[in-house]
Amino acid sequence: MDYTVTMFFRTRWKDERLMFTDDKNHSVTLGADGVQEIWLPPLFFPDEKTGHFHDITTANTLLRIYTDGTILHSTRVTLTIGCKMQLERYPMDVQRCKLELESFTYETDDLILQWAPEDDDMLALEIEESLKSSQFEVFNSKPVRKPCIKVYSTGNFSCLQADFNLARVKELFIMSSYLPSVLIVVLSWFSFWINPNSEPARVALCMTAILTLCTQINGIQATLPKVQHLKAIDVWMSACLIFVFAALVEFAAVNYKSLCKKAAATKAQADEKNALLEMKEFDEKHDLEAKSNTNNTEVESKAEVVIETGSKWKNARKSILGINMHVQHYLDKSKPEDIDYFSRFLFPIAFLIFNFFYWPTYLQWMS
């Protein structure tokens, strides 16, 4: 990431060649023209990408020479500086950006850079309290006072470093990313209250939620640099997408169960119809046998026919009752509505468990 900063860049050094005596004035102030006449330390910002000095209405440069040869140089400059960010905790991250200053020409034997002492009138690093960004809050920024030396093939050069801590404003992303995704997940749960026979309504609701989440994920990714690791927002959006997709899978299970129930009922009706046809055939056969018997048929033979026919009736009736009882037991035991009933509780509980682990993990990591 790049950040742009406008600052008053002040340097102070002592040149005994510029000592003077003046009873009235303790210092002499020169403008931009005087800067060209004296020696200035050759300094540069290593992480600078672009920058410029300000010259409206005149060059914003101050040069002040004190009687003991101390020189104060101040200029207003705007810099665009690169900052390497770690986005694993985005958007609940705290970034540390550094501002480095180095000597370009003189090595450590000739030039040593130091921050102004803490008890000095000129502060080493001062940031306006009103300084705010749309996404970050600046806090606990301080100069690094330990010795800093950069080693190059051309020699060892003195350097200075200041750290800026940037805390991302989480409220912005809660309103723009987290809250809408929560509402989309909750919206997908409404399908559990829709009649399983209303397939278009349930499919349209789940698919709309999935497509909305995908659009939101693409919008978030478009504003961020491409990184290889997962970010906190990626974990959240992926979990929300899984919950919405799970609601669609739950409807598929309900629909499959409903089809199985309809198929079982249809098969039971067909079996019952076949059993009734068999009973009708038994009746017709019994009538034919009864007509073929003469009046002088023995009572014992008639009794055998009646007993045989009654036995077939009894077996057919048991078959019909057995089929109906089995089908009714299956239909009563496996209801598609039961899946919706349990999903109304399991999905919210699972989502709350996910939040219970997600927020403490990343918020504690941030702190």
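Model, not experiment: these values are computed from the prediction.

A. Structural detail: the nonpolar core. Grouped together as the largest cluster of nonpolar side chains are 50 residues, with contacts concentrated most on Trp 236, Phe 351 and Tyr 358. Of all the secondary-structure elements, those providing two or more residues to this core are β1 (2–14), β6 (70–82), β7 (94–103), β10 (155–168), α2 (170–189), α3 (199–222), α4 (232–292) and α6 (336–366). Element by element, the count of residues in this core is highest for α4, at 10 residues. Leaving out residues up to four positions away in the same chain, Tyr 358 has contacts with Met 92, Tyr 178, Ala 232, Ile 233, Val 235 and Trp 236. Core analysis: the second largest hydrophobic core is formed by six residues, Trp 13, Ile 38, Leu 63 and Ile 71 among them.

B. Looking closely at the packing of α2 against α3. Where α2 meets α3, the closest approach of the two axes is 9 Å, and the angle between their N-to-C directions is 165 degrees. Taken together, the axes of α2 and α3 are roughly antiparallel relative to one another. Crossing of α2 against α3: the hand is left-handed. Taken together, the residues of α3 that come into contact with α2 (itself represented by Ser 176, Ser 177, Pro 180, Ser 181, Ile 184, Leu 187 and Ser 188) are Leu 205, Ala 209, Thr 212, Leu 213, Gln 216 and Ile 220. Of the residues belonging to the contact of α2 with α3, the class tally is seven nonpolar, six polar and no charged.

C. Spatial organisation of α2. With 20 residues, α2 should cover 28 Å at 1.5 Å per step; its first-to-last C-alpha distance of 27 Å lies within 8% of that length. The largest bend in α2 comes to about 30 degrees, at Tyr 178, with the proline Pro 180 one to four residues further on.

D. Layout of α3. The end-to-end C-alpha distance of α3, which contains 24 residues, comes to 35 Å, matching closely the 34 Å that a straight helix rising 1.5 Å per residue would cover. Among all positions in α3, only Arg 202, Leu 205, Cys 206, Ala 209, Ile 210, Leu 213, Gln 216, Ile 217 and Ile 220 are buried.

E. Spatial organisation of the confidence of the model for the protein chain. When pLDDT is averaged across the protein chain, the result is 82; 81% of the residues are at 70 or more. Across the protein chain, the element-wise mean pLDDT spans from 50 in helix α5 (residues 299–333) up to 94 in strand β3 (residues 43–44). The low-confidence segment residues 294–307 (pLDDT under 50) makes three contacts with residues lying over four places distant or belonging to another chain.

F. Broad picture of the pattern of salt bridges. Counted by the stated rule, this structure contains 11 salt bridges. Close ionic contact of Asp 2 with Lys 49 constitutes a salt bridge, the shortest N to O distance being 2.7 Å. On the criterion of sequence distance, the pair formed by Asp 2 in strand β1 and Lys 49 in strand β4 (residues 48–53) is long-range, its members being 47 residues apart. The partner of Asp 15 in a salt bridge is Arg 17, with the nearest N and O atoms 2.9 Å apart.

G. The state of the cysteines, seen in detail. One pass over the structure, following the stated rule, counts two disulfides. What pairs with Cys 83 in a disulfide is Cys 97, and their sulfur atoms sit 1.9 Å apart. The disulfide joining Cys 83 to Cys 97 has a torsion of about -90 degrees about its S-S bond and is therefore left-handed. On the criterion of sequence distance, the pair formed by Cys 83 in the loop between β6 and β7 and Cys 97 in strand β7 is long-range, its members being 14 residues apart. A single burial state applies to Cys 83 and to Cys 97, both of which are buried. There is a disulfide in this structure between Cys 148 and Cys 159, and the S-S distance comes to 1.8 Å. Taking the sign of the S-S torsion, -90 degrees for the link of Cys 148 and Cys 159, the bridge is left-handed. Residue Cys 148 is located in the loop between β8 (136–144) and β9 (149–152), and its partner Cys 159 is located in strand β10; the two are separated by 11 residues in the primary sequence. What makes Cys 148 buried here is its relative accessible area of 19%.

H. Fine view of unusual backbone geometry. Note the cis peptide between Ile 56 and Thr 57, where omega equals 0 degrees. Located in the positive-phi region is Asn 140, a residue other than glycine, with phi close to 50 degrees. With respect to the helices and strands, Asn 140 occurs in strand β8.

Parameters and conventions
Residues numbered from 1 in each chain as written. Predicted model: local features only at pLDDT ≥ 70, side-chain atom pairs only at ≥ 80, totals over all residues. Heavy atoms only, no water. Core = buried A, V, L, I, M, F, W, Y, C linked by side-chain atoms within 4.5 Å. Buried < 20%, exposed > 50% of the residue type's maximum accessible area, 1.4 Å probe, protein only. Helix = DSSP H or I, 4+ residues; strand = E, 2+ residues; numbered from the N terminus. Contact = heavy atoms within 4.5 Å. Axes fitted to C-alpha atoms, helices over the stretch in contact; angles between N-to-C directions. Parallel < 35°, antiparallel > 145°, perpendicular 65-115°, else oblique. Left-handed = near helix turned anticlockwise from the far one by under 90°. Nonpolar A, V, L, I, M, F, W, Y, C, P; charged D, E, K, R; others polar. Expected span 1.5 Å × (residues − 1). Bend = angle between axes of the 7 residues up to and from the residue. pLDDT = per-residue confidence, 0-100. Salt bridge = Lys/Arg side-chain N within 4 Å of Asp/Glu carboxyl O. Disulfide = S-S within 2.5 Å.

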